[in-house]
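# Analysis of the macromolecular model
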Amino acid sequence: MIVIRCPYCNEQRTEEELSYGGEANIVRAIEPDTLSDTEWTDYLFMRNNPKGLLQEQWCCAAGCGQWFKTERHTVTHEITEVIRFDQQFSCKKDS
């Protein structure tokens, strides 16, 4: 079971109390109308699926409702870092 302490309300939440938002740091195109169908499809659907550390976004849905970012190992589910949305990961990964 995934358990994460929300960096905003400081409450420990289980995965049932959180909403998963997918991979963190996905940058939307400034002018999406200029993208080709292939580029738009890549933006919408193509994500990393590593066996290892992944930076993700989660929402404290049953608590304060704030979105935050985590770094989680996809095999062990170990949470290595939890930060507010306005913060950067301490060991920024190249995506």
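Whatever comes next refers back to the structure up there.
Before going into details, it helps to say that this report is about the structure given with it.

Scoring rules and cut-offs
All residue numbers refer to positions counted from 1 along the written sequence of the respective chain. Per-residue local features of the predicted model are confined to residues with pLDDT of at least 70, and side-chain atom pairs are confined, for both listing and counting, to 80 or more; whole-chain, interface and lining totals are unaffected and use all residues. Side-chain metrics in this entry use all non-hydrogen atoms of the structure; hydrogen atoms and water are not considered. Strands here are runs of E lasting at least two residues and helices are runs of H or I lasting at least four, both read from the DSSP assignment and numbered beginning at the N terminus. Relative accessibility thresholds used throughout: buried, under 20% of the residue-type maximum; exposed, over 50%; partly exposed, between the two (1.4 Å probe, protein chains only). Only heavy atoms enter the contact rule, under which two residues are in contact if any of them lie within 4.5 Å. Here a polar contact means two N or O atoms within 3.5 Å. Within protein one must be a hydrogen donor candidate and the other an acceptor candidate, and residues neighboring in sequence count only if both atoms are side-chain atoms. Whenever Lys or Arg places a side-chain nitrogen within 4 Å of a carboxyl oxygen from Asp or Glu, that contact is recorded as a salt bridge. In this scheme Phe, Tyr and Trp rings, the latter by its six-membered ring, pair at centre separations within 6.5 Å, and the angle between planes marks the pair as stacked below 30 degrees, edge-to-face above 60, and tilted otherwise. The rule for a charge over a ring is simple: NZ of Lys or CZ of Arg within 6 Å of the ring centre, and within 35 degrees of the ring normal.

What follows deals with the overall build of the chain. In terms of helices and strands, the chain carries one helix and six strands. Listing each helix as α and each strand as β along the chain from the N terminus yields β-β-β-α-β-β-β. Projecting the C-alpha coordinates of the chain onto the three principal axes gives extents of approximately 45 × 30 × 25 Å. In the chain, which comprises 95 residues, the share counted as buried stands at 25%. In the chain, of all internal contacts separated by at least 6 residues, the share reaching a separation of at least 24 is 48%.

Examined against the element boundaries, Glu56 turns out to sit in strand β4 (residues 53-59). At 3.3 Å, the side chain of Glu56 and the side chain of Tyr20 are in polar contact. Polar contacts involving the side chain of Glu56 include one to the side chain of Arg72, which spans 2.6 Å. In contact with Glu56, not counting residues within four places along its chain, are Tyr20, Gly22, Glu23, Ala24, Phe68, Lys69, Thr70 and Arg72.

This brings us to the pattern of salt bridges. Taken as a whole and assessed by the stated rule, the structure comprises three salt bridges. The residue Glu17 makes a salt bridge to Arg13 at a minimum N-O spacing of 3.6 Å. With its nearest N and O atoms 2.6 Å apart, the salt bridge here joins Arg72 to Glu56. Highlighted residues: Arg72 in strand β5 (residues 67-73) and Glu56 in strand β4, separated in sequence by 16 residues. Residue Arg72 is classed as buried on the basis of its relative accessible area of 9%. Exposure remark for Glu56: the relative accessible area of 0% places this residue in the buried category.

Attention now moves to the packing of aromatic side chains. By the definition in use, this model includes two aromatic pairs. Taking 5.2 Å as the distance between ring centres and 35 degrees as the angle between the ring planes, the aromatic pair formed by Trp40 and Tyr43 counts as tilted. Remark: Tyr43 and Trp40 occur in helix α1 (residues 37-45); sequence separation between them is three residues, near one turn of the helix. Residue classification places Tyr43 among the partly exposed positions, given a relative accessible area of 21%. The ring of Tyr43 has Arg47 lying over it, and the distance from NZ or CZ to the ring centre is 5.9 Å.

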